[in-house]
Amino acid sequence: MDVSVIKIGGNIIDNPAELEQFLTDFSKIEGYKVLVHGGGKSATKMAQSIGLVPQMIDGRRITDAPMLDVVVMIYAGQINKHIVAQLQAKDNNAIGFSGADGNLIQSTKRNHPTIDYGFVGDVKQVNTKLLATLLEAGVVPVFCAITHDKNGQLLNTNADTIASELSIALSEVFDVTLTYCFEKQGVLQDSEDDSSVITEINEALYNKLKEEKVIHSGMIPKLDNCFNSLSRGVQKIKIGHHKMLQNSDIPHTTITL
Ligand SMILES: Nc1ncnc2c1ncn2[C@@H]1O[C@H](COP(=O)(O)OP(=O)(O)O)[C@@H](O)[C@H]1O
Ligand SMILES: CC(=O)N[C@@H](CCC(=O)OP(=O)(O)O)C(=O)O
């Protein structure tokens, strides 16, 4: 059985028209599917509006106690519930989850020798059995970027990594295609030129393009997650604009080992 795991990031979520378009395309995907959403942009805006100073290191948000409250409210509350309601309006039986719900994603607080990331979690374990049962029951699970440590602590976890870890876990049971959707057409030779899509990237090309600074910022952790997922069993990974979900002729990037 095939499963589609789709991740959307903050730039789509922050644009109501784009989000609506994405959800229309997503709702038409047939078969088992899982949606993972970020929302970093909205969390940053909300944090700033109440006087917090957002800080990111290596694509991870430094998350002290007040920031954890903000991300739980924004990711597990505002964004997750709006997406679930919009999918219900499109006749997809969506249920929203954090990793604490049903113990679906357990993580451990990041322990870095020099940087205190605060309440940031690295995924330890996915409750694959419950997730498979939900899919088999016709549920469309919608995950936000919040996990827990099974000792009562919620933890903020990068949404690309959640998509990757869920895909790795599901690939033990299903054939998984993981798709990272964002505002561009794919990994680009020139990040400002949507017609410069690189249609296939393997690890050697990735390292070369990273060195040449063609690939930078948020694309680096995204591709690191992709290679990790492929080497741990995920069958297929694509990066591109959500239009490709309904039209496979739209150029996009396929990741290979
Ligand atoms: N070669 C590249 N092609 C496309 N995007 C790139 C490239 N290099 C860096 N990027 C950046 O990566 C970003 C996507 O990663 P990220 O910020 O994690 O977005 P999201 O969370 O929305 O998926 C793009 O907005 C773009 O600015
Ligand atoms: C620990 C950590 O960095 N968590 C991320 C989770 C949200 C996310 O990944 O959102 P995008 O996909 O929109 O970037 C954050 O708070 O920004």
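What counts, and at which threshold
Residues numbered from 1 in each chain as written. Chains lettered and ligands numbered in written order. Predicted model: local features only at pLDDT ≥ 70, side-chain atom pairs only at ≥ 80, totals over all residues. Heavy atoms only, no water. Near = heavy atom within 4 Å. Polar contact = N/O pair within 3.5 Å; in protein donor to acceptor, adjacent residues only side chain to side chain. 1 Å grid on protein atoms, 1.4 Å probe; cavity = no way out; pocket = protein on both sides within 12 Å on 5 of 7 lines; lining within 4 Å. Sits in = over half its atoms within 2 Å of the grid points. Helix = DSSP H or I, 4+ residues; strand = E, 2+ residues; numbered from the N terminus. Buried < 20%, exposed > 50% of the residue type's maximum accessible area, 1.4 Å probe, protein only. Contact = heavy atoms within 4.5 Å. Areas by Shrake-Rupley, 256 points an atom, 1.4 Å probe, with all protein chains shown as cover. Nonpolar A, V, L, I, M, F, W, Y, C, P; charged D, E, K, R; others polar. Points joined across faces, edges and corners; volume = space filled by probe spheres on them. pLDDT = per-residue confidence, 0-100. Axes fitted to C-alpha atoms, helices over the stretch in contact; angles between N-to-C directions. Parallel < 35°, antiparallel > 145°, perpendicular 65-115°, else oblique. Left-handed = near helix turned anticlockwise from the far one by under 90°. Phe/Tyr/Trp six-rings, centres within 6.5 Å; stacked < 30°, edge-to-face > 60°. Lys NZ or Arg CZ within 6 Å of the ring centre and 35° of its normal. UniProt positions renumbered as here; feature names shortened; annotations may be inferred. Pairing = 2+ DSSP bridges.

1. Quick look at the site of ligand 1
- In the region of ligand 1, 17 residues are neighbours, and Glu183, Leu188, Val214, His216 and Lys222 sit closest.
- The separation between a nitrogen atom of ligand 1 and a polar main-chain atom of valine 214 is 2.9 Å.
- One nitrogen or oxygen atom from the main chain of methionine 219 is found 3.4 Å from an oxygen atom belonging to ligand 1.
- Taking a 2 Å distance to the grid points as the criterion, the majority of the atoms of ligand 1 fall inside the largest pocket.

2. Observations concerning the side chain of serine 171
- Of note, serine 171 is situated in the loop between α6 (159-170) and β11 (175-181).
- On the basis of relative accessible area, serine 171 is assigned to the buried category, the value being 13%.
- Of note is the side chain of serine 171, whose polar atom sits 2.7 Å from the backbone oxygen of isoleucine 168.
- Beyond its immediate stretch of four places on either side in the chain, serine 171 contacts Val176, Arg232, Gly233, Val234 and Gln235.

3. Points about the site of ligand 2
- Of all residues adjacent to ligand 2, which total 17 residues, the nearest are Lys7, Gly10, Gly39, Arg61 and Tyr75.
- Here glycine 40 contributes a backbone N or O atom positioned 3.1 Å from an oxygen atom of ligand 2.
- Within the side chain of asparagine 156, a nitrogen or oxygen atom sits 3.0 Å from an oxygen atom of ligand 2.
- For ligand 2, whose free accessible area comes to 430 Å², the fraction covered by protein is 90%.
- Judged by the proximity of its atoms to the pocket grid, ligand 2 belongs to the largest pocket.
- Looking at side-chain class alone, the shell around ligand 2 contains 5 nonpolar, 9 polar and 3 charged residues.

4. Topic: empty space enclosed by the protein
- Evaluation of the coordinates by the stated rule reveals 1 cavity of 30 Å³ or more.
- Estimated volume of the largest cavity: approximately 30 Å³.
- What lines the largest cavity is Arg60, Arg110, Gly121, Asp122, Thr157, Asn158 and Thr161.

5. Some details on the confidence of the model for the protein
- Residues at a pLDDT of 70 or more form 100% of the protein, whose mean pLDDT is 97.
- Interface confidence in the predicted complex, given as ipTM, is 0.98; pTM for the same model is 0.98.

6. With respect to the packing of helix α7 (residues 203-211) against helix α8 (residues 219-231)
- Two elements in contact, α7 and α8, have axes separated by 11 Å at closest approach and are oriented at 165°. The angle between the axes of α7 and α8 places the two elements in the roughly antiparallel class. The crossing of α7 and α8 is left-handed. Along the contact surface, α7 presents Glu203, Tyr206 and Lys210, while α8 presents Ile220, Leu223, Asp224 and Phe227.
- Of the residues contributing to the contact of α7 with α8, the split by class is 4 nonpolar, no polar and 3 charged.

7. Topic: the packing of aromatic side chains
- Inspection of the entire model under this criterion finds 4 aromatic pairs.
- Pairing tyrosine 206 with phenylalanine 227 gives two aromatic rings, centres 5.3 Å apart and planes at 35°, and the pair type is tilted. Here the residue tyrosine 206 occupies a position in helix α7, and phenylalanine 227 occupies one in helix α8, the gap between them amounting to 21 residues.
- Overall, the relative accessible area of 2% leaves tyrosine 206 in the buried class.
- Residue placement shows lysine 109 over the ring face of phenylalanine 119; its charged tip is 5.6 Å from the ring centre.

8. Some remarks on the UniProt feature "domain: Aspartate/glutamate/uridylate kinase" (unreviewed entry) in the protein
- In the numbering used here, UniProt assigns the "domain: Aspartate/glutamate/uridylate kinase" (unreviewed entry) feature to residues 4-240.
- In residues 4-240, helix accounts for 40% and strand for 23%; the two terminal C-alpha atoms are 14 Å from one another.

9. Regarding the pairing of strand β8 (residues 140-143)
- On β8, burial covers both faces: Val140 and Val142 on one face and Pro141 and Phe143 on the other are all buried.
- Two elements, strand β2 (residues 32-37) and β8, share 2 bridges in a ladder whose sense is parallel. When the bridges of β8 are listed, valine 36 appears paired with phenylalanine 143.
- Where strand β5 (residues 94-97) meets β8, 4 bridges bridge the pair, whose relative direction is parallel. The residue of β8 that forms the bridge with alanine 94 is valine 140.

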